[in-house]
Amino acid sequence: MAFIFVFLFYPDRFGISFDFAGAPLSDSKYVRIAKTLLWFLLLAEIVRIFYYGIIKPKAKGLFANILTLVIPLSLVLILIEIVFMYVPQSHEGVLSKASQIWWYKYWQPVNSFNYRDKEPDTTSGKIKVLVLGDSFAAGHGIESLDDRFSDILEKKLGSDKYVVYNLGVSGSDTRDEAERLEKYPVKPDILILQYFPNDIERVAREGGLSLTGTEPYADLKGPLNTLIKRFYLPNFIYWQLPHTSFSTFEDFVQKAYTDSTILAAHYNDLSRIKQVADRAGAPMYTVFIPFLMQAEQSETYTKPVAEFLQKEGVKTIFIADEINKTEPKDRIVGKNDGHAGPKVNHIMADKVYNSIISK
């Protein structure tokens, strides 16, 4: 049993990795089932030892009293650990064990191009709308695709005449988006770029700016580190508590959007996206998603990008005013995940839809 325990919970110590869809971001359903069975075997063994070692012989004394207190508590904790192996909760960057469960459960369908979307159809006679972006476009934290803005937009436009493809990838920046758009087999009739202030991050780093912050789990030392990283209940509790911010992003953004050299490189990447739209003869729209708790302020950061795109003939769409009219709790998907919630996705879809039909 000890060997199986080490094999399942510490495979990396022996150079072992499990190969399955989603690895290493999450334990697969089958790995979690195997861990569950192991926990139940351990529970049975603890109960057997407790019964024959303490209860049946009616053991007394300090040691017996301690075991009578510790063993039932251990059994309860193991049962709670089993429960939390199946509790999903979205989180920034798939950092927590609960967010890994969420990712495994909700991040679907995934097509052959690794997008959370249907398969592209190059022969479709429908008007093809391509939505390009990062985790906000992909719908990080959105459980049902019916609440994701690209899917809402397709329904509003009419799926009998329009097909909307989602090219959202978590962590993507503008250069990566340009490269992916150029490789995508379907050429747009309409191109929508979803823009977030961190889209400038790569060129800003290349331009000499550094983004500092605390690494996940950096505040954990010794046995506590491995306990919280590898087990579900302590990991869930850890991520409900406040931690030092993982990035000091505001200062980074302010500097990036006021540096002419960084902006020039960023405009280059944006121009590549615009060129794909131009070659396809497709109108291009850019919807700017601000920091959801600092909507007006973050739109001032990205103002140079908006002005550049407007000069290039791109229709720019802003949602800060609408976001400010919503309750803060309704803007995000959850307390541990600052991505746009369903309400903001509906706002985005409405604004984009109105821009398209009013052209």
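Here is what the cut-offs are and how they apply
Residues numbered from 1 in each chain as written. Predicted model: local features only at pLDDT ≥ 70, side-chain atom pairs only at ≥ 80, totals over all residues. Heavy atoms only, no water. Helix = DSSP H or I, 4+ residues; strand = E, 2+ residues; numbered from the N terminus. Pairing = 2+ DSSP bridges. Axes fitted to C-alpha atoms, helices over the stretch in contact; angles between N-to-C directions. Parallel < 35°, antiparallel > 145°, perpendicular 65-115°, else oblique. Contact = heavy atoms within 4.5 Å. Nonpolar A, V, L, I, M, F, W, Y, C, P; charged D, E, K, R; others polar. Phe/Tyr/Trp six-rings, centres within 6.5 Å; stacked < 30°, edge-to-face > 60°. Buried < 20%, exposed > 50% of the residue type's maximum accessible area, 1.4 Å probe, protein only. Lys NZ or Arg CZ within 6 Å of the ring centre and 35° of its normal.

1. Section: the environment of P109
Mapped onto the fold, P109 is located in the loop between α4 (97-106) and β1 (127-133). Sequence separation of P109 and L145 is 36 residues, and the distance between their C-alpha atoms is 9.5 Å.

2. Some thoughts on the sheet that holds strand β5 (residues 315-318)
Read across the open sheet, the 5 strands follow the order β2-β1-β3-β4-β5; overall the sheet is parallel. Taken across any chain shown, the strands that pair with only one partner, and hence form the sheet edges, are β2 (162-168) and β5. Here the strands of the sheet are splayed against their neighbours by 20 degrees on average, with no regard to which way each runs. Taken together, the 4 bridges between strand β4 (residues 284-288) and β5 define a ladder with parallel strand orientation.

3. Observations concerning the packing of α4 against helix α10 (residues 232-240)
Where α4 contacts α10, the two axes come as close as 8 Å, and the packing angle between them is 105 degrees. Considering the angle they form, α4 stands roughly perpendicular to α10. The residues of α10 that touch α4, namely those facing K97, A98 and I101, are Y232, N235 and F236. A breakdown of the residues in the contact of α4 with α10 according to their chemical character gives 4 nonpolar, 1 polar and 1 charged.

4. Looking at the packing of aromatic side chains
With the rule as written, the count across this model stands at 16 aromatic pairs. Both rings, one in Y238 and one in W239, keep their centres 5.1 Å apart while their planes meet at 85 degrees; by these two values the pair is edge-to-face. The buried category is assigned to W239, whose relative accessible area is 3%. Here the aromatic residues F113, Y115, Y165 and Y184 are joined through ring pairs into a cluster of three or more. The residue whose ring lies beneath K156 is Y353, and the NZ or CZ to ring-centre distance is 4.9 Å.

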